[in-house]
Amino acid sequence: MNITKDGLVGITDRGKPSDALATHDEFGHLTGKQRSLVDSLAMPGQSAIDFVLPRVEIRRRDVHLS
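Residues numbered from 1 in each chain as written. Predicted model: local features only at pLDDT ≥ 70, side-chain atom pairs only at ≥ 80, totals over all residues. Heavy atoms only, no water.

Caption draft 1: A look at the overall build of the protein chain. Counting secondary structure elements, the protein chain contains 2 helices and 2 strands. Counting helices and strands in the order they occur from the N terminus, the protein chain gives β-β-α-α. Total accessible area on the protein chain is roughly 7,200 Å²; 54% of this is exposed by carbon and sulfur atoms. (Helix = DSSP H or I, 4+ residues; strand = E, 2+ residues; numbered from the N terminus. Areas by Shrake-Rupley, 256 points an atom, 1.4 Å probe, with all protein chains shown as cover.)

Caption draft 2: Up close: the pattern of salt bridges. Applying the stated criterion across every chain yields a total of 2 salt bridges. Note that Arg-14 is salt-bridged to Asp-13, the shortest N-O span being 3.5 Å. On the basis of relative accessibility, which here comes to 79%, the residue Arg-14 falls in the exposed class. (Salt bridge = Lys/Arg side-chain N within 4 Å of Asp/Glu carboxyl O. Buried < 20%, exposed > 50% of the residue type's maximum accessible area, 1.4 Å probe, protein only.)

Caption draft 3: Representation of the pairing of strand S1 (residues 9-13) in the model. Pairing of S1 with strand S2 (residues 16-21), which is carried by 5 bridges, proceeds in the antiparallel orientation. Considered in S2, the bridge of Ile-11 is made with Asp-19. In this structure, the hairpin formed by S1 and S2 is closed by a connection of 2 residues, where Arg-14 is found at a positive phi of approximately 55°. (Pairing = 2+ DSSP bridges.)

Caption draft 4: Main features of helix H1 (residues 24-31). Capping the start of H1 is the job of one residue whose side-chain oxygen sits 3.1 Å from the backbone nitrogen of Glu-26: Thr-23. Phi turns positive, to about 75°, at Gly-32, one or two residues after H1. (Polar contact = N/O pair within 3.5 Å; in protein donor to acceptor, adjacent residues only side chain to side chain.)

Caption draft 5: Inspection of unusual backbone geometry at higher detail. Despite not being glycine, Arg-14 has its phi angle at roughly 55°, a positive value. Looking at the element boundaries, Arg-14 is found in the loop between S1 and S2.

The following block contains the structure:
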């Protein structure tokens with residue numbers, strides 16, 4: 001169901017306007033920003049960050065189904 005296909009949808013909290021629901025395209029037009037997901041997650045200038053994950057050892061355990 002796409003309830004926002006005809007424009008913005010107003011959301012109220014106890015009868016008072018509180019939020020609005022918009023499609024992604026409409027939000028982009030309102031904010032003037034059109035970015036892809038890759039652009040949104042990118043961290044320009046941060047490629048030199050050392051990111052080392054410690055090794056995790058996962059051990060199997062016996063399962064008792066009684």
